[in-house]
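In case you want the letters, here they are:
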Amino acid sequence: PLWYLLSQQFLAPALQELCSLPRRISGECTTFSPPICEHLCTPHYSSDAIQKHRKSLSDWFSHQPNEERQFGPSFSLDTIHVDPVIRESSLEEILKPSPDLTILNQLQSPCSRTISLQNLFDADACGQQVKNVVLYGTVGTGKSTLIKKMVVDWCHGRLPRFELVIPFSCEDLSQSNVPISLRRLITKKYLHLKDVVPLLGSANLKVLIILNGMEWLNLDFQLSGTELCCDPNEAVPPSAIVVNLLRKYLLPEASIIVTTRPSAVRRIPSKYVGRYAEICGFSNTNLQKQYFQMRLSQPGCDGSGSSSNSEERDNLVEMLSRNLERHNQIAAACFLPSYCWLVCTTLHFLYFTKSVPPSQTLTGIYTSFLRLNFSGEILDSTDPTNVSMMKYVAKTVGKLAHEGVMSRQTCFSDEDLEKCFEVEMKTEGELNLLNVFRTDVFGFFLTPCVQTGKEHTFVFTIPAMQEYLAALYVVLGEKKTLTQRVGKEVSEVISKVSEDVTLVLSIVSKVLPLRILPLLFGLLKMFPRFFSRLSGKDRDTIARTMAVEMFKEEDYFNDDVLDQINSSILGVEGPLHYPDEAPDDEVFELFPIFMGGLLSRRNRALLEQLGCSIKNLAAFEIANAMKKTMIRNSRKWLPPSELMDYLVFLHEFQNERFTAEAIRSLRAINLSSVKMTPLKCSILASVMGTTSHEVEELNLSSCHLDVSSLQTLFPVLLRCRKLHLQLNSLGPEACREIRDLLLHDKCVVSTLRLSDNPVTEQGAKYLAEAIAGNRSLTHLSLLHTSLGNQGLEVITQHLAQNQHLKELDVGYNSVTDEAALGLVEVAKSLYFNDISDEGKRALHALRRDRDGVQVLVFLTVGTDVSDYWAFILSVVKKNLPNWDRERVQQHLSLLLQDLECSRRQTGNPWKKAKFLWVENEVKKMLVKMQQGTL
């Protein structure tokens, strides 16, 4: 009824004002509360709704994206958070930043006028109560995370100043201009607050309204643009609600905090702002250390929780802390909390492989990092083009990054920046976009160089980010010649015009003869087809660039890319001969790997959210174009580190069909001396798992393998004919895995080299079981494996059950006469053991048995030189870097004495000459060892 509507419109506000009038009764301040409006004034009836609101907000804001779940089940924003430094500022400082506020200066000196999050609404310097706070910061400083933490704190009672917190996303509000009342807006977002909404505006209810991401709204504070509105029931556009809230014309008692980027701060007139506060990130290195300690030391973040892994986590944090203390470039990067996240996630990927999804890639980490910071972001909401922020970055910063990669340059001058941003070619609108970019985003990607003598140049915040953006620039097709750019624009125009070609021809026919029309019509159809061919050529260029950059010979002997990433984070600047000197030439081996990774389906889906689209057809054509070149180059000899890079590329590419064809062409895989971390083992297993073909040879010597490495690589090792595992510190537990490998019914291993591993007697027991049951093994090397007599005896007891083994090398194992004689019927290599002359004569007498097994003991065989003297000396030379040189010299001296003794015993002139020849070879080795040249 009409009377009810009038009472709701006029009487209810009057009663609400009446309820708030204080009266003095008996010297005490009381409030007049007539029964008719008791439900409007008493918050007791709404406490249940507010508690429900707390729980709802806590559940919503505590929800972590997928990228955060890898840090362990105990990780949550509520318990693990480091507040960034917040500095009280002013509009003057925003419009004209102080030159002293550089990243380096803030890292080296404490930030002045800091203020905590809880004190933002304290009275200002003049004693006036602050109601509106503008909290601003560039991309990556942690605005959104800080607001999430603020809301979660309120939900758990750690923000007692406010009884009700109502957060709004300005991005959400910007999606509609349909008029809506404030009360309807609140109940639309938070239905459970419908009983609390009538209390809004009451002095008894302390309300905090959060407006996150104000740069999304185009606010107009002029009365001609936004009329005054004080009625929370009146429907107005969402932007008008925000304007009147900030004017304090609507809900004047409410406190408001606005977060925004620096470029949008001036949209709010300063008279409506009680305090400006700037988020300065982690300007204190102690905050950076605290962040890393919390992130990397979480229980379960490594997927296990064992004490050994706990020590590894502590070591990582310690190494990272020491690197930060040097105030080098990584400390400047970690000024932004976002980059602290990237560093932690990268280390987590490199070291805690068990807790990382198998499909995780390095490219995926960087793409997810950009998605967390730029997803859905537009550069300037006031610009009609609504250009994606990440698309703008790819075109501008990507161009700078690509030119740096091509010229092997990491430091950029102001002239370089102007050249890439093409300042002289900008229109008014484009210049405005560039100014917004410089204010809000520039510092996210580029930072002043902290290296002495290069303070006035800029470098990429994280070195790998330069290679990532360069790869994105190329893969998106932004690297175009002038002809290609003009051709694309003309093609788009002609394509649009050709949709209504009848209208175009009717206009042209008025000025041109009719006989020209068919020709013009054909040209209109032909040009887009011609441009599509140009686009195909462009994709061929991308594929060719990827293949050429992947196999650059000048990068052949660098560390593999994963070690380079690890070194850049933990403080070692690559493989330098002189650590104090800068490298003569920069290394950009991640560039082609990122190009391949960006073409994977998962990364293309993430890039789509960033406004950077790579079509399926384009990815397919690029893959086909580079397949032949890539496979042909991979068949050439590649150093182990370069081969590891190639495997990483295939893993990042995430194209199973392409990877299978590439792997089939690799018949031998040599990764010798590559430190095979759990991640690299997983990559090798994943890449090799795309096919089931047999591998002729896999060399994993001196690769720091352990038991877990063998477990990860088990399916790969089964398919290898020749397997090199020497110099890996593989003990008895590893021998148990090798036993299971050799006893597997699908094992095809014919040659196994375990030299220079601490097998010991216990490991020999497992190997003996494997020898007894295996049917594929023909050559086994146990050289220098600390078997001893007991270990050799165990192997001897099981050798009779094997009819396939042709060669067994147990040299340099401290074997004596009794054990050697026990093994002689099947042994082939017993040199460099403490066997007496009588033992040697006995072995010589049994040199050939009925099975034709040869026994190789020493350089001499009776009064003749052994047929294997060259083999024995070559083994000595090959293993000399890993053996005790003094002991080797002693053995060579004994060899020399034995040769001289045998030469004197023989009367054959030909044999004497042969002895002299071998003696000279041994003497040469002794001289070179004494001189240190061998």
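What you see as residue numbers is a count from 1 along each chain, following the sequence as written. It should be noted that, the model being predicted, local features are given only for residues of pLDDT at least 70 and side-chain atom pairs only at 80 or more, the latter also being counted only at that level, while totals for whole chains, interfaces and linings use all residues. In computing side-chain properties, one takes all heavy atoms of the structure into account and sets aside hydrogens as well as water.

Looking at an unreviewed UniProt entry, one finds the protein named NLR family member X1, with Chelonoidis abingdonii as its source organism.

S.K.: Please give an account of the overall build of the protein that cites residues and values.
M.R.: The way it works is that DSSP assigns letters per residue, a run of H or I at least four long becomes a helix, a run of E at least two long becomes a strand, and they are numbered from the N terminus. What the protein contains, in helices and strands, is 39 helices and 18 strands. Looking at the protein residue by residue over its 934 residues, the buried ones come to 51%. Intrachain contacts of the protein at a sequence separation of at least 6 include 77% that bridge at least 24 residues. Residue burial is assigned from relative accessible area. The probe radius is 1.4 Å, only protein chains are included, and a residue is buried under 20% of its type maximum, exposed over 50%, and partly exposed in between. Here, two residues are considered to be in contact whenever any of their heavy atoms come within 4.5 Å of each other.

S.K.: Report on the sheet that holds strand E6 (residues 207-212), specifying residues and quantitative values.
M.R.: The strand order across the open sheet formed by six strands is E3-E8-E4-E7-E6-E5, and the pairing between neighbours is mixed. With one partner strand each, in any of the chains shown, strand E3 (86-89) and strand E5 (164-169) form the two edges of the open sheet. If you compare each strand with its neighbour and ignore which way they point, the axes differ by 20° on average. Criterion used throughout: strands pair if DSSP finds at least two bridges between them. Here the axes come from fitting lines to C-alpha atoms, over the contacting stretch only for helices, and the angles between their N-to-C directions go from 0 to 180 degrees.

S.K.: If you had to explain a nonpolar patch on the surface to someone new, which residues and values would you point to?
M.R.: Judged by side-chain polarity, Leu223, Leu228 and Tyr249 come together as a nonpolar surface patch covering roughly 300 Å² of accessible area. Positionally, Leu228 belongs in the loop between E6 and helix H10 (238-246). Judged by its relative accessible area of 40%, Leu228 falls in the partly exposed class. In this analysis, a patch consists of residues with relative accessible area above 30% that form no salt bridge, clustered at 9 Å for like charges and at 5 Å for the nonpolar side chains Val, Leu, Ile, Met, Phe, Trp and Tyr. In short, Shrake-Rupley with a 1.4 Å probe defines the accessible areas, and a residue's cover is counted only from the protein chains shown. Within this document, salt bridges are pairs made up of a side-chain nitrogen of Lys or Arg and a carboxyl oxygen of Asp or Glu, the two lying within 4 Å of each other.

S.K.: Can you tell me about the pairing of E6, naming the residues and giving the values?
M.R.: Residues in a regular strand project their side chains so that they alternate between the two faces of the sheet. Burial within E6 is extensive, with five of its six residues counted as buried. Relative to E6, E5 runs parallel, the two sharing six bridges. For Leu164, the partnering residue across the bridge sits in E6 and is Val207. Of the pairings in the sheet, the one linking E6 to strand E7 (residues 255-260) comprises five bridges and is parallel in character. Along E7, the bridge assignment pairs Leu208 with Ser255.

S.K.: I'd love a proper account of the nonpolar core, names of residues and values included.
M.R.: Tyr366, Phe445 and Leu469 are the most contacted members of the largest nonpolar core, which totals 170 residues. In these notes, a set of buried Ala, Val, Leu, Ile, Met, Phe, Trp, Tyr and Cys residues joined through side-chain atoms within 4.5 Å is what counts as a nonpolar core. Ranked by size, the runner-up nonpolar core spans 74 residues in total, among them Phe121, Ile186, Leu246 and Ile257.

S.K.: Give me the lowdown on the pattern of salt bridges, citing residues and values where you can.
M.R.: Scanning all chains against the criterion turns up 22 salt bridges. Across the pair Glu278 and Arg87 runs a salt bridge, and its minimum N-O distance is 2.5 Å. On the criterion of sequence distance, the pair formed by Glu278 in strand E8 (residues 275-279) and Arg87 in strand E3 is long-range, its members being 191 residues apart. Using a relative accessible area of 21% as the deciding quantity, one classes Glu278 as partly exposed. By relative accessible area, which is 4% here, Arg87 ends up buried.

S.K.: Can you tell me about the packing of aromatic side chains, naming the residues and giving the values?
M.R.: The criterion for an aromatic pair is that two Phe, Tyr or Trp rings (for Trp, the six-membered ring) have centres within 6.5 Å, with stacked assigned to planes under 30 degrees apart, edge-to-face to planes over 60 apart and tilted to the rest. A full pass over the atoms with the stated rule returns 22 aromatic pairs. Considering the side-chain rings of Phe221 and Tyr272, the 5.4 Å spacing of their centres and the 25° angle between planes classify their relative orientation as stacked. One end of the pair, Phe221, is in the loop between E6 and H10; the other, Tyr272, is in the loop between E7 and E8, and 51 residues separate them in sequence. Among the residues examined, Tyr272 registers a relative accessible area of 19% and is labelled buried. Geometrically, the ring pair formed by Phe649 and Phe653 is stacked, given 5.9 Å between the ring centres and 20° between the ring planes. Of the two residues, Phe649 and Phe653 both sit in helix H28 (residues 640-653), four residues apart, roughly one turn of that helix. As far as the burial class goes, Phe649 and Phe653 line up, both buried. Every member of this aromatic cluster is reached through a ring pair, and the members are Tyr339, Trp341, Phe369, Phe374, Phe444 and Phe445. For Arg54, the ring lying beneath its charged end belongs to Trp154, and the centroid distance is 4.1 Å. Cation placement over rings: the criterion is NZ of Lys or CZ of Arg within 6 Å of the ring centroid and within 35° of the ring normal.

S.K.: Account for the pairing of E8, with residues named and values stated.
M.R.: Within E8, four of the five residues are buried, which leaves the element mostly enclosed by the surrounding structure. Taken together, the four bridges between E3 and E8 define a ladder with antiparallel strand orientation. Paired with Glu88 across the strands is Ala277, a residue of E8. Alignment of strand E4 (residues 132-136) against E8, held across four bridges, turns out to be parallel. Within E8, the residue paired with Leu135 across the bridge is Ala277.

S.K.: So what's going on with the sheet that holds strand E14 (residues 751-753)? Which residues, and what values?
M.R.: On the basis of which strands lie adjacent, the open sheet formed by six strands has the order E11-E12-E13-E14-E15-E16 and parallel pairing. Each of the sheet's edge strands pairs with one partner strand only, and the pair in question is strand E11 (668-670) and strand E16 (807-809). Neighbouring strand axes in the sheet, compared pairwise and without regard to direction, differ in orientation by 5° on average. Note that strand E12 (residues 695-699) and strand E13 (residues 720-724) share four bridges and pair parallel. Residue Asn699 lies in a different strand from E13, and its bridge partner there is His724.

S.K.: Describe the environment of Asn286, with residues and values.
M.R.: With respect to the secondary-structure elements, Asn286 resides in helix H11 (residues 285-296). Asn286 gets classed as partly exposed once you look at its relative accessible area, which sits at 48%. A sequence separation of 38 residues divides Asn286 from Leu324, and the C-alpha atoms of the two residues are 9.1 Å apart.

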